[in-house]
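Observations on the model geometry
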Amino acid sequence: MTSFAQPQFKIISSTHPVSAEKRTEILNNPGFGKYFSDHMAAIDWTRDEGWHDARIVPYGPLQLDPAASVLHYAQEIFEGLKAYRHQDGSIWTFRPEMNAARFQHSADRLALPQLPTQLFIESIRALIGVDAAWIPSQPDTCGYIRPFMIANESFLGVRPAQRAAYYVILSPAGSYFGKGMAPVSIWLSTDYSRAGRGGTGEAKCGGNYASSLVPQQEATANGCSQVLFLDAEEHKYLEELGGMNIFLVRKDGTLLTPQLSGSILRGVTRDSIIQLAHGLGMKVEERRITIDEWRDGVNSGDISEVFACGTAAVVAPVNMLKGKGFTCGDEQAPAGKITLALHKMLTDIQYGRAQDKHGWMQRLA
Ligand code: COI
């Protein structure tokens, strides 16, 4: 068994890297999740050997047996974090130990092996070490880092796989919704739930996202960027969007966000916003919030702003909630002041424009 007290990644360099010219063209207009760097990190796991063969290899297709468990029973988890290029050229990431902890939590829920935090962070550092040139430097761009783990044992019995593989891929990225801080409309799903009590809602697993796609299609068909899910039992309480947490802002400046109920994701951005708001002396209520509270609050003026947040989109102002037979909000309304201020505070820390008083940033290269 290989010891990972001091992780060492064997490096196998790509023999066909993207040309510098093509890479520059991509970095000038990266979009989101469309392009990938020249390499990826990989580590194998077996029940007998544990984690072994940590390596950086050329980015490319994976070889999977058609009977691999992930293809049949969706035994898979992932994470999302970012690499930010600071003005002096150095590259940093944000609270990676939180993503590592959530990855371990997701692994527990999906009966996958836990990847130690140090190995999670080292895998990212090793990949950025070889592909630093893929981190763009224009305002609001970054390298989107996607660690994931799949069960790759060839076995059709339904039980936890005895083989798994972990990978990290890197994708240069711009704005998630493609329109910067322009407010988005949200679709309220009344026919579907994202997760139920005891389900996998708190785990970052592909299945949660697969089940959000039909309601997301409904959202798109109704001119909305994202879908909002309510709780599965009473269909009354806010949970989260297809891939983001949600905040309401009261006119007295209080932030409201659904409590971590076991069925929503422990968002790193969510947690950071709560800490920043506390630092500003704002009141934050993490509790159950009904959809009526949102609608009545917007209609009476008590709720003055709404925003969604997540690693990919950071903070996305929401000016409209639509559902079957109802609308709430104003599609013309600009982003709210508190939303913009929290977005600025967070991104100023991430891009090295403001002092990192919380010790959230870790240098990668
Ligand atoms: C993220 O914000 O990293 C997400 O999980 C959203 C999505 C791209 C899956």
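Residues numbered from 1 in each chain as written. Predicted model: local features only at pLDDT ≥ 70, side-chain atom pairs only at ≥ 80, totals over all residues. Heavy atoms only, no water.

As far as domains go, the protein chain holds domain 1 (10-173) and domain 2 (184-350). Taken over both partners, the interface formed by domain 1 and domain 2 buries close to 1,800 Å², and the fraction arising from carbon and sulfur atoms is 58%. Across the contact surface, domain 1 and domain 2 share one salt bridge. Here Asp271 and Arg95 are joined by a salt bridge, their closest N and O atoms 2.9 Å apart. Mapped by element, the contributors of at least two residues to the side of domain 1 that touches domain 2 are β4 (76-78), β5 (81-85) and α3 (96-109). Per element, the largest residue contribution to the side of domain 1 that touches domain 2 is six residues, and it comes from α3. Broken down by class, the residue content of the side of domain 1 that touches domain 2 amounts to nine nonpolar, five polar and six charged. (Domains from an automatic or database assignment. Buried area = accessible area lost by both parts, 1.4 Å probe. Salt bridge = Lys/Arg side-chain N within 4 Å of Asp/Glu carboxyl O. Helix = DSSP H or I, 4+ residues; strand = E, 2+ residues; numbered from the N terminus. Nonpolar A, V, L, I, M, F, W, Y, C, P; charged D, E, K, R; others polar.)

Take helix α7 (residues 268-279) next. The end-to-end C-alpha distance of α7, which contains twelve residues, comes to 17 Å, matching closely the 16 Å that a straight helix rising 1.5 Å per residue would cover. Here α7 has its buried residues at Val268, Thr269, Arg270, Ser272, Ile273, Ile274, Leu276 and Ala277. Two residues or fewer after α7 comes Gly281, characterised by a positive phi angle close to 80 degrees. (Expected span 1.5 Å × (residues − 1). Buried < 20%, exposed > 50% of the residue type's maximum accessible area, 1.4 Å probe, protein only.)

The subject of this paragraph is empty space enclosed by the protein. Summed over all chains, the structure comprises one cavity of 30 Å³ or more. Taken as a whole, the largest cavity encloses approximately 100 Å³ of empty space. Considering the residues around the largest cavity, the lining is formed by 13 residues, among which Tyr84, Phe94, Thr269, Thr311 and Gln350 are closest to the centre. For the lining of the largest cavity, the secondary-structure elements that each account for two or more residues are β5, α7 and α9 (337-350). For the lining of the largest cavity, the element with the highest residue contribution is β5, accounting for three residues. Within the lining of the largest cavity, the residues separate by chemical class into six nonpolar, six polar and one charged. Structurally, the lining of the largest cavity is a two-domain feature, drawing no fewer than three residues from each of domain 1 (10-173) and domain 2 (184-350). (1 Å grid on protein atoms, 1.4 Å probe; cavity = no way out; pocket = protein on both sides within 12 Å on 5 of 7 lines; lining within 4 Å. Points joined across faces, edges and corners; volume = space filled by probe spheres on them.)

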